[in-house]
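Understanding the architecture of this molecule
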Amino acid sequence: MAQKVILVDDLDHSESADVTKREFSLLNRTFAIDLSDDNQRRLREALGLIEKVLESSREVRQASRSRRPADAPVRLRGHTTTDVREWAREQGLEVPVRGRVPEEVLERFLTAHPGAAPDREAAPDRAEAE
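Heads up: these notes are all about the structure in this document. Note that the structure is predicted; figures quoted are calculated from it, not measured.

In total, this model carries three salt bridges according to the counting rule given. Here R41 makes a salt bridge to E45, at a shortest N to O gap of 3.1 Å. Of this pair, R41 and E45 both sit in helix 1 (residues 37-55), four residues apart, which is roughly one turn of the helix. According to the relative accessible area criterion, E45 is partly exposed, its value standing at 49%. E104 serves as the salt-bridge partner of R108, at 3.8 Å between the closest nitrogen and oxygen. Here R108 and its partner E104 are both found in helix 3 (residues 103-112), four residues apart, which amounts to about one turn of the helix.

Pairing analysis gives seven bridges linking strand 1 (residues 20-26) to strand 2 (residues 29-35), with the strands arranged antiparallel. Residue pairing for strand 2: F24 is matched across the bridge by F31. Between strand 1 and strand 2, which pair antiparallel one after the other, the connecting turn spans two residues, and L27 there sits at a positive phi close to 55°.

What follows covers the packing of aromatic side chains. Aromatic ring pairs are described here by two measures, namely the spacing of the ring centres and the angle between the planes. According to the stated counting rule, one finds two aromatic pairs in the structure shown. Ring centres of F24 and F31 lie 5.4 Å apart, and the angle between their planes is 25°; on these two criteria the pair is classed as stacked. Among the residues examined, F24 registers a relative accessible area of 17% and is labelled buried. For F31, a relative accessible area of 29% translates into the label partly exposed. Look at W87 and F109: their rings are 5.6 Å apart centre to centre, the planes differ by 80°, and that puts the pair in the edge-to-face class. Pair noted here: W87 is in helix 2 (residues 81-90) and F109 is in helix 3, with a separation of 22 residues, a long-range link. An identical accessibility class is assigned to W87 and F109; each is buried.

Another aspect to go through is unusual backbone geometry. Residues other than glycine seldom take positive phi values, yet H13 does so here, at roughly 60°. Inspection of the secondary structure assignment puts H13 in the segment before strand 1. Under the relative-accessibility criterion, H13 is labelled exposed at 62%. You will see that N28, though not glycine, has its phi angle at about 60°, which is positive. Judged by its relative accessible area of 83%, N28 falls in the exposed class.

Cut-offs applied
- Residues numbered from 1 in each chain as written.
- Predicted model: local features only at pLDDT ≥ 70, side-chain atom pairs only at ≥ 80, totals over all residues.
- Heavy atoms only, no water.
- Salt bridge = Lys/Arg side-chain N within 4 Å of Asp/Glu carboxyl O.
- Helix = DSSP H or I, 4+ residues; strand = E, 2+ residues; numbered from the N terminus.
- Buried < 20%, exposed > 50% of the residue type's maximum accessible area, 1.4 Å probe, protein only.
- Pairing = 2+ DSSP bridges.
- Phe/Tyr/Trp six-rings, centres within 6.5 Å; stacked < 30°, edge-to-face > 60°.

Here is the structure:
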């Protein structure tokens, strides 16, 4: 039993004897599509235009959604950042509810609580966020 294969143009969905699988390259990738001779010509023209545009363009990279890593937090001996915040409020100092404890507040806390000072080797400059 014989079978007849009918190729359909992927652009205009027409059936024609000249429809065949065509390969083309774009941006260092190879694609395949079923096209008639007329649509193959149109594709070549469009790709030519795209190549001209790309020659006079520059690539734009999307901004990364990943956040820049923060400096390593300071480890306080026997105290948490909540302790630092509570102490600062009792002293009448402004301190954010969340996030980084201001350097000035941390320094004043360490002056008032010398036993909370971290080891010098593991002592980056900021309070640990909770």
